[in-house]
Every structure is written in C-alpha cells, then in structure tokens.
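Working through the structure, step by step
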Amino acid sequence: MKIGIFSFREYEEPFLKLAFDKLKGIKVVTQSAALNAQTIALAHGCEACCCFVSDDLSQTVIEGLAKAGVKLIALRSAGFNHVDIEAAKKAGITVMRVPAYSPYAVAEFAVGLILALNRKYHRAYAHVQEHNFSLNGLMGFDLHGKTVGVVGTGKIGRAFARIMLGFGCHVLATDIEHDPELVKLGVSYVTLESLYQHADIISLHCPLYDKTKHLINKKAIASMKDGVMLINTSRGGLIHTAALIDGLKSGKIGYLGLDVYEEEEHLFFRDLSNTVIHDDVYLRLQTFPNVMLTGHQAFFTAEAMTRIYQTTADNVRAYSTGALGTVADNMVV
Ligand code: NAI
C-alpha cells in the first residue's frame, strides 16, 4: 500500500522514520505541499493520504481523492473539523485520527500564554536586550486567588485545570459532561453564562463544531468581566474575530492569547516573512500590545510528535490488515 503524506515538514522526518520504518508493505511518499484542489494529482497511486490541519479536506477535494483511488485519510491531528465528513462517507473513504497525543503539550502552552501576557516576558526580554532595565509597563498580577474559567474539560481542559489549581486559582468549568475527579480537586461546574461573568481568565478547550462556532461573540464578550484575559489554543472558529477586535479596542478584553485563528490556513505553518500579508484582520490583531499570537504550535513537543506518528502508523497498519476494530477509538468515518 502506498501512502502520501501531505504538508510534510523536515522536522517530522525522525518521527516518521521511527514509526513507519518497521511497517511491512507500506510505501511512504512525502509532500511538502498542502493538499488542496490544485494538488490532488499528487495523491494519484496512493491508497491512503496522511493529512494535517492545514490540508483542505472539503467536499471537492475528497471527491477528487476518491477519483484518484484514495480509500483512507489518516489525520495527523485530533481535531477533524476541517474534514467534510458527509463527503467522505459518500465517497466510501475511511477517516482516522489521533485522538490523544499529549494533552500536556497544549495545556502547558496555554499556561505559558497566560504567564507571558500577564508578566510580559516577551517585552521584558526585548527591553533587557537594549539595556533598558526600567520596569515601566511590565507590572502584572498574582495568579493566586484569581478565577479561571475552562470551557471544555476533556483531555486538554482537564490537564489545564489541574495546573491552574496548582497556582492557587479558583477554577470554574463548563462542559456537557462533568468530570467527578476535577470536582473532587475543587473545580466548580457552572453554566457558560456564569463562567463568562465570574472568570478573570477564560481558556477555550472545547472542539469546533456547529454549536461552538463563534461561541465567543459580541454578546459573550459583553457579559465578561472588564479586562478579562482570553486564551484560545483550541480552534480559531470558536471566536468571532471582529467582535474580539472591538473588545480589545474598548478595553473589555484586557489580554488575548491566540495559538489558533479562524483564517489560519492562509498563514500558518509556512515562512511568509518575505511576503505581503493580505489578511487585515490578523494584522490588526498584531497591533495590540496586550495580544500574543502564535502559529498553532501548542501541540508541538517531541512527546506529542512521537505519539502522532506512532498512532498514525498504528491506524495505517490496522487499515491495511483489516483490523480496524483494534483502533476503534481512532475512527472518524
Ligand atoms: P476532548 O474531546 O478530550 O475534549 C473536548 C471537551 O469539550 C469534551 O469534554 C466535550 O464534552 C467538551 N465539549 C464539547 N462541546 C462543548 C460545549 N459546547 N461546551 C463546553 N464543552 C464542550 O478533546 P481535547 O483532546 O481536550 O482537545 C480539545 C480541542 O483542542 C480539540 O478539539 C482541538 O480543536 C484542540 N487542539 C488544539 C491543538 C493545538 O495545537 N493548538 C492540539 C490539539 C487539540
């Protein structure tokens, strides 16, 4: 079986080798190109495609893949909001994912954004490099005693909540399902509305789907505390970006940390440092001194990369040997 790996980067090579070298009968072809309507031809002759969050898996592309003979899409991600599930079902393409690789990687990164925004490490570093040792503009606040709201207490939200409890924060959470272990540790489940009203810091850890699209909108922001800190390491589409910019301009949002952005597929995972950026909304976000933006790197640790490739290899092996039952939790379609 031949598998085409799209959006492949040099830093993935050792993890790919470690996981796939021992797989018998699987030929791997890597492509640095992202999968989209223009690059479907690269999948010709491949029974499987391995895709990342930056690949286009819309109806048109899935239909094109089916025509090219692709039968399996193995996602190198947990999120699958970028896949047209109905189109995959219709085309008879199996879709698998990596549901868990390192919740700690993302949770710890979210905490890093909180610390950096609060204590302004990035600005302090730049000042000190210029021998400016003045403390003007660097004042933060104690995290101890503050109220943190966690939206979604699955694998990542749970790890995040535990860290924040360690800082001595009061942790409020909202989720469809309540985690009794977190309750035992002192987390209080409340309604989303109550979380918005009481949290000094809000961190998003729920998936993006119809119900959660633009969860953070004008109305939600208006109901938050003045000067709230908002952190999103989940998916860009959870936030209505124009409402966010209004919230920053009015001062309602005091701090913003984003690792994901609704229109990120036009920007992230490539070096655009010599390119004119046409996304004026993103550029506006960059102008605020109290905003920290990163390019979807929260997952990016050696442990997470190892698990991503190992689970992907397990998925491909299970598919090629007809043992899908052994990886049932990884099945999307
Ligand atoms: P998970 O499936 O373990 O947890 C998601 C939780 O959200 C579940 O407990 C679920 O019940 C809850 N939920 C669903 N709808 C909700 C709603 N309307 N309101 C409140 N809670 C709701 O997923 P996991 O592994 O914790 O990942 C969370 C998200 O993080 C993923 O969906 C993905 O989008 C994002 N992610 C981001 C990464 C990055 O590098 N920035 C890397 C990995 C995941």
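Analysis parameters
Residues numbered from 1 in each chain as written. Predicted model: local features only at pLDDT ≥ 70, side-chain atom pairs only at ≥ 80, totals over all residues. Heavy atoms only, no water. Pairing = 2+ DSSP bridges. Helix = DSSP H or I, 4+ residues; strand = E, 2+ residues; numbered from the N terminus. Contact = heavy atoms within 4.5 Å. Axes fitted to C-alpha atoms, helices over the stretch in contact; angles between N-to-C directions. Near = heavy atom within 4 Å. Polar contact = N/O pair within 3.5 Å; in protein donor to acceptor, adjacent residues only side chain to side chain. Areas by Shrake-Rupley, 256 points an atom, 1.4 Å probe, with all protein chains shown as cover. Nonpolar A, V, L, I, M, F, W, Y, C, P; charged D, E, K, R; others polar. Parallel < 35°, antiparallel > 145°, perpendicular 65-115°, else oblique. Left-handed = near helix turned anticlockwise from the far one by under 90°. Buried < 20%, exposed > 50% of the residue type's maximum accessible area, 1.4 Å probe, protein only.

1. Thoughts on the sheet that holds strand 11 (residues 253–258)
A sheet is described by the order of its strands in space; here seven strands give the open sequence 8-7-6-9-10-11-12, paired in parallel fashion. Each edge of the open sheet is held by one strand with a lone partner, namely strand 8 (188–189) and strand 12 (291–293). Taken strand by strand, helix 4 (residues 103–119) contacts strand 9 (201–204), strand 10 (228–232), strand 11 and strand 12, and its axis lies near 145 degrees from that of strand 10.

2. A closer look at the site of the ligand
What surrounds the ligand is a group of 22 residues, the closest being Lys155, Ile156, Asp175, Tyr209 and Thr233. Contact distances for the ligand include 3.4 Å between an oxygen atom and a backbone N or O atom of Gly154. Arg235 places a side-chain nitrogen or oxygen 3.4 Å from an oxygen atom of the ligand. Burial of the ligand by the protein chains amounts to 85% of its free accessible area of 870 Å². Here the shell around the ligand is composed, by residue class, of nine nonpolar, nine polar and four charged.

3. Some remarks on the packing of helix 4 against helix 6 (residues 155–166)
Relative to each other, helix 4 and helix 6 sit at 50 degrees, their axes nearing to 8 Å. By the angle class used here, helix 4 and helix 6 are oblique. Here helix 4 and helix 6 pass one another in a crossing that is right-handed. Packed against helix 4, whose contacting residues are Pro103, Tyr104, Val106, Ala107, Glu108, Ala110, Val111 and Ile114, the element helix 6 presents Lys155, Ile156, Ala159, Phe160, Ile163 and Met164 at the interface. In terms of residue class, the contact of helix 4 with helix 6 is made up of 12 nonpolar, no polar and two charged.

4. What about unusual backbone geometry?
In this structure, His214 is a non-glycine residue whose phi angle is positive, near 55 degrees. A relative accessible area of 21% means that His214 is categorised as partly exposed. At His296, a residue that is not glycine, the phi angle is positive and equals roughly 55 degrees. With respect to the secondary-structure elements, His296 resides in the loop between strand 12 and helix 12 (302–320).

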